[in-house]
Amino acid sequence: VSNGFGGPMAIAADGSLYAFATSATPQSSLYALNADGSPKVGLWPFVGPPGVQKIAYGSPAISPDGKTIYAVLGSTVYALNTDGSQKWTPPFEMGSVTEGSPMVAPDGTVYVIGSGLWAIKPDGTAKWPAFGAFDYYTSVALGLDGTVFVSGAPTWPGIGFTAVHPDGSVKWTSDYGGTPTLPVFFSTATVGSDGTVYSILNRSQSNTTSIVALDPESGAILHEWFIAGTGTYNSSIPLAVTPNGTV
């Protein structure tokens, strides 16, 4: 169906599968399959606008009730009903292309990094104005208490990592020793079953890469495991963490 795919597919509670595919045009489409692999009926696939600035790089996301599928193509967030029709007219425009995926909180708020960190209500309006110089190659992670964890900082110098309350106020932020000329970068985070935040940390100063476990309340590094080799890493791919904390 395509020359390439976006991020991993999203799987709904009823077993439905949602996945992006991109043609050579380039043009991304969101496909929907039933649990048995047959195509869903309705207005599927959802075909996005053509152009390199409208490609889907991440994964779709599904609302807690399973009735809305969120798709980010370029700088635009689309909300789709289960029949493939658009829920928001017009869709939500972030003003900047993202290569991350949306994340949906239990209350239905959609978090995504575009021209800053956006929080979008289920009706398609902004919960609060976007802010911050966050890494648009990454996606947010949600803490057990609803805290939003994001790679980057409210301002650009040093980059680092930030925790944001659901109301948009900053809980904590740290550059972890990074500077404007030698910044520190974090990958998309993963939150463990005990709330610990795991990420891949790249330090420009030493050209090293490590896996870190962060305290969700303060951002302090609880554990750090250095990875052999240079500081090359993929910021968009989160770590996998088992319920017992194995990374």
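Quantities reported herein were computed from a predicted structural model and do not represent experimental measurements.

**Remarks on the pattern of salt bridges**
A full pass over the atoms with the stated rule returns 5 salt bridges. When the shortest N-O distance is used, the salt bridge between Lys171 and Asp145 registers 3.5 Å. Within this pair, whereas Lys171 is found in strand S18 (residues 170-174), its partner Asp145 is found in the loop between strand S15 (141-142) and strand S16 (148-153), the two being separated by 26 residues in sequence. With its nearest N and O atoms 3.3 Å apart, the salt bridge here joins Glu217 to Lys171.

**Let's talk about the sheet that holds strand S6 (residues 61-62)**
In spatial order, the strands read S6-S7-S8-S9; together these 4 strands make up an open sheet with antiparallel pairing. Of all the strands in the sheet, the pair left with one neighbour each is S6 and strand S9 (92-93).

**Topic: the packing of aromatic side chains**
Counted under the stated rule, the structure contains 13 aromatic pairs. On the basis of an interplanar angle of 45° and a centroid distance of 6.3 Å, the ring pair of Phe149 and Trp172 is categorised as tilted. Note that Phe149 is positioned in strand S16 and Trp172 in strand S18, a separation of 23 residues in sequence. With a relative accessible area of 2%, Phe149 lands in the buried category. Trp172 sits in the buried class, given a relative accessible area of 8%. Plain terms: the ring middles of Phe161 and Trp172 are 6.1 Å apart, the flat faces sit at 35° to each other, and that makes the pair tilted. With Phe161 in strand S17 (residues 161-164) and Trp172 in strand S18, the pair connects residues that are 11 residues apart, well separated along the chain. For the residue pair Phe161 and Trp172, the accessibility class agrees, reading buried in each case. Taken together, the ring pairs connect Phe149, Phe161, Trp172, Tyr176 and Phe186 into an aromatic cluster.

**Comments concerning the side chain of Ser151**
Considering the arrangement of structural elements, one finds Ser151 in strand S16. Classification of Ser151 as buried rests on a relative accessible area of 2%. A distance of 2.7 Å separates the side chain of Ser151 from the backbone oxygen of Phe186, its partner in a polar contact. Those residues in contact with Ser151 that sit more than four places away from it in its chain are Phe134, Asp135, Thr138, Gly160, Phe161, Phe186 and Ser187.

**Digging into the sheet that holds strand S13 (residues 126-131)**
Reading across the sheet, the 4 strands line up as S10-S11-S12-S13 and stay open at both edges, with antiparallel pairing between neighbours. The open sheet has two edge strands with one neighbour each: strand S10 (103-104) and S13. Inspection of the sheet shows S10 paired to strand S11 (residues 110-114) by 2 bridges, in the antiparallel sense. Bridge pairing in S11 places Val104 opposite Val110.

Conventions we followed
- Residues numbered from 1 in each chain as written.
- Predicted model: local features only at pLDDT ≥ 70, side-chain atom pairs only at ≥ 80, totals over all residues.
- Heavy atoms only, no water.
- Salt bridge = Lys/Arg side-chain N within 4 Å of Asp/Glu carboxyl O.
- Helix = DSSP H or I, 4+ residues; strand = E, 2+ residues; numbered from the N terminus.
- Pairing = 2+ DSSP bridges.
- Phe/Tyr/Trp six-rings, centres within 6.5 Å; stacked < 30°, edge-to-face > 60°.
- Buried < 20%, exposed > 50% of the residue type's maximum accessible area, 1.4 Å probe, protein only.
- Polar contact = N/O pair within 3.5 Å; in protein donor to acceptor, adjacent residues only side chain to side chain.
- Contact = heavy atoms within 4.5 Å.

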